Structure formats: C-alpha cells, structure tokens
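# Examination of the molecular architecture
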Amino acid sequence: ERDMRDVKTDWKTVSGGNISERARAEYDKAIEAFNAIIDFQNNYVKPYLKVQSEELAQMMGSMGAKRGTENLGIDNVPFASKTYNYTKQLMLALKVDAIVEEVVAEIEAGRHPVIALESTMESSLDEYKVGGVVDNPSFGASLLKGLNSVMQYTIKTDKGGQTHGTIIPSELGAEGEAEYYRVKQFVNDSAKDIFVSPLDAITSKLNALGYKVGEMTGRKTFLEKNAEGDYVLRDRSDRDKKRMTRDFNSGKLDVLILNKSASTGISLHASQKFGDQRQRTMIIAQPLSDINDYMQMIGRIDRTGQVH
C-alpha cells in the first residue's frame with residue numbers, strides 16, 4: 001500500500017452560483033418530505049399498530065401463549081432508520097451538475113479523471129421491466145417507496161414465527177387515511193425535480209459535451225431518454241471491465257465511473273506501460289462508507305510505476 005505522501009487531496013464544497021442555490025432549495029424540500037413521512041408514522045401508524053399488538057397479546061394470552069416476551073407482538077421499521085441511505089442518495093443527485101463541471105475542468109486541464117461513488121440507485125427502478133417506460137423518474141418516486149414501507153409490519157409469535165402484513169390506509173381511520181394521501185402527494189411533489197438516476201444524468205450530460213464515458217459498476221440496467229421524451233429502462237449490455245480498463249488507459253474513454261465493484265484488481269494509474277499517460281484524477285462524488293473500500297478505491301489510480 002502506498003503512503004500517499006505525494007498525492008494532492010482537495011476538499012471541495014459546492015458553493016455559490018445557481019448550482020448551489022438550486023441544490024439547497026431541493027435539499028430543503030426533500031428533508032421536509034422526510035419529516036412528513038416520520039410524522040405520519042409517529043402520529044398514525046404507530047398508535048394503530050400499538051392497539052393491534054395489544055389485541056394480539058390478549059388473544060395469544062387467552063390461548064395459553066406466553067405474554068410479555070420480546071418475541072411476541074407487531075414490529076414496524078421506523079422510517080427514520082432509513083434516512084441515512086436516502087440522504088446519501090439525495091446528496092449525490094444534487095451534485096450532478098457540479099460533478100460534470102469538475103470532470104470537464106480536469107479534462108481541459110490535461111488530466112484523465114475517474115469518478116468514484118457508492119450508490120447506483122438501481123434498486124429505485126426494480127419495479128420496472130427492461131424496455132418499459134419509467135413514468136416517474138424522480139427522487140420523489142424513490143421516497144414514495146419509503147412511505148409505503150411504513151405501512152408494512154411484521155407479526156411475531158411466541159414460537160418465533162413471523163408473518164407480514166400491509167396496512168390499508170382506510171384502517172387508520174378517516175383522518176389517518178386523508179393524511180396518508182396528503183403526505184403521498186406532498187412527498188412526490190417535494191422531490192419531483194430531482195432525477196432518480198444520478199449516474200445516467202452524469203453520463204448523458206458528459207456525452208452531450210462530446211466525452212466518452214465508461215461505467216464500472218454492478219448495474220444491470222440504465223435509464224435512457226427516447227425520441228418522445230420518455231425515460232425507458234434499458235439493459236446494460238456493455239459491462240466488460242477489462243475492455244473498459246484498456247480503453248481508459250489508452251485514451252479511448254475520457255472518463256470512467258467506478259463503484260465498489262471496481263475497487264480492487266484494476267489498474268488505472270498513469271503507468272509508463274499505458275498509451276495514455278496523462279495525470280490521473282479521482283473525483284469522489286460519493287465517499288464509500290467502509291474505509292477499507294475507500295482506500296482500495298483510491299488505489300486504482302495511485303500505484304507503483306506511475307509517471308505522475
């Protein structure tokens with residue numbers, strides 16, 4: 001492992017200008033949506049499930065089952081526990097324009113950049129089939145999954161068994177049902193202007209500027225805008241990491257996007273053996289959560305035998 005004493009690291013903040021102002025406004029709206037879901041769960045879902053859990057305990061008690069054990073009852077995962085991952089995805093989505101600007105600046109300065117990130121956000125589109133139109137390609141649609149998740153619950157018995165269920169909005173009473181649909185609309189509207197797939201947004205913007213982009217991630221699909229202006233889910237057939245490595249090191253590719261799946265076993269440094277010996281730059285669009293993965297990722301462009 002190299003000690004990185006000769007590596008320059010710049011901690012950059014997206015500040016000033018239209019990009020920063022727009023990102024702050026979008027972030028604030030998304031956080032309001034987070035809070036709306038949390039409040040809805042606390043005010044309507046939890047009280048409902050508490051009553052259901054108490055009724056279950058009474059029924060099981062009358063049947064001779066042990067009451068008061070930690071195994072018995074109805075469990076519901078707090079949405080607040082998911083906000084860390086949602087915030088990571090949100091921050092990446094809000095930095096798309098700033099990332100593109102940074103990439104272009106590095107290329108124009110004569111360097112050869114790679115973009116490192118963690119989340120592909122492919123799971124946000126798992127309900128769609130390849131070839132199908134994604135009717136709501138926004139971060140709001142991803143958040144709606146979070147709202148739907150608070151309506152899910154698990155019933156645990158004293159025997160260790162589990163069953164799963166879903167709350168129907170009408171079961172929360174007239175006020176609770178009305179609040180569910182109000183929050184649903186609010187959540188969708190709050191993040192409707194944030195594109196759900198930052199990777200595809202970065203790639204399409206760089207392609208539009210004439211740059212060739214390779215992607216080394218585990219994604220199997222991507223979003224593509226068709227002639228009618230709709231976003232269609234496509235199959236990612238181009239996933240040959242060895243060929244992309246050669247193309248980047250020879251200069252055929254201008255930019256390479258990496259995630260954890262490309263954090264080991266790949267050499268992307270300015271080697272004396274490669275055709276393209278421009279100084280490498282890694283733009284860390286989204287730091288990897290595990291420090292071991294993070295250090296391995298940095299090591300893709302900082303290796304023994306480099307000329308810069």
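Quantities reported herein were computed from a predicted structural model and do not represent experimental measurements. (Residues numbered from 1 in each chain as written. Predicted model: local features only at pLDDT ≥ 70, side-chain atom pairs only at ≥ 80, totals over all residues. Heavy atoms only, no water.)

## Here's the deal with unusual backbone geometry
Residue M4 is not a glycine yet carries a positive backbone phi of 65°. Counting through the fold element by element, M4 comes out in the segment before α1 (17-62). M4 gets classed as partly exposed once you look at its relative accessible area, which sits at 24%. A positive phi angle is found at M121, which is not glycine, with a value near 60°. Tracing the backbone through its elements, the reader meets M121 in the loop between β2 (112-116) and α4 (139-149). Among the residues examined, M121 registers a relative accessible area of 4% and is labelled buried. (Helix = DSSP H or I, 4+ residues; strand = E, 2+ residues; numbered from the N terminus. Buried < 20%, exposed > 50% of the residue type's maximum accessible area, 1.4 Å probe, protein only.)

## Some remarks on the environment of I257
Following the sequence through the fold, I257 ends up in strand β8 (residues 255-258). Overall, the relative accessible area of 0% leaves I257 in the buried class. Residues I257 and I167, 90 residues apart in the sequence, show an inter-C-alpha distance of 41 Å. When neighbours within four sequence positions are excluded, I257 is seen to be in contact with I115, L117, L199, I202, T203, V213, G214, E215, M216 and T217. (Contact = heavy atoms within 4.5 Å.)

## So, a positive patch on the surface
A contiguous patch of positive charge on the surface is contributed by K212, K242, R246 and K252. Looking at the element boundaries, K252 is found in the loop between α7 (241-250) and β8. For K252, a relative accessible area of 57% translates into the label exposed. (Patch = residues over 30% accessible without salt bridge, like charges linked within 9 Å, V, L, I, M, F, W, Y side chains within 5 Å. Areas by Shrake-Rupley, 256 points an atom, 1.4 Å probe, with all protein chains shown as cover. Salt bridge = Lys/Arg side-chain N within 4 Å of Asp/Glu carboxyl O. Lys, Arg positive; Asp, Glu negative; His and termini not counted. Charge placed at Lys NZ, Arg CZ, Asp CG, Glu CD.)

## Regarding the pairing of β8
Burial of the side chains of β8 extends over both faces: V255 and I257 are buried on one face and L256 and L258 on the other. For β2 and β8, the ladder comprises three bridges, and the chain directions are parallel. Note on β8: the bridge partner recorded for V114 is L256. (Pairing = 2+ DSSP bridges.)

## Observations concerning the packing of aromatic side chains
The description of an aromatic ring pair uses the distance of the two centres, along with the angle that the planes make with each other. As enumerated under the stated definition, the model contains eight aromatic pairs in all. Residues F34 and F79 carry aromatic rings whose centres are separated by 6.1 Å and whose planes lie at 80° to one another, so their mutual orientation is edge-to-face. With F34 in helix α1 and F79 in the loop between β1 (73-75) and α2 (83-94), this pair connects stretches of sequence that are 45 residues apart. Summarising the burial analysis for this pair, F34 and F79 share the class buried. Among the aromatic side chains, those forming a connected cluster through ring pairs are F34, F79, Y86 and F139. (Phe/Tyr/Trp six-rings, centres within 6.5 Å; stacked < 30°, edge-to-face > 60°.)

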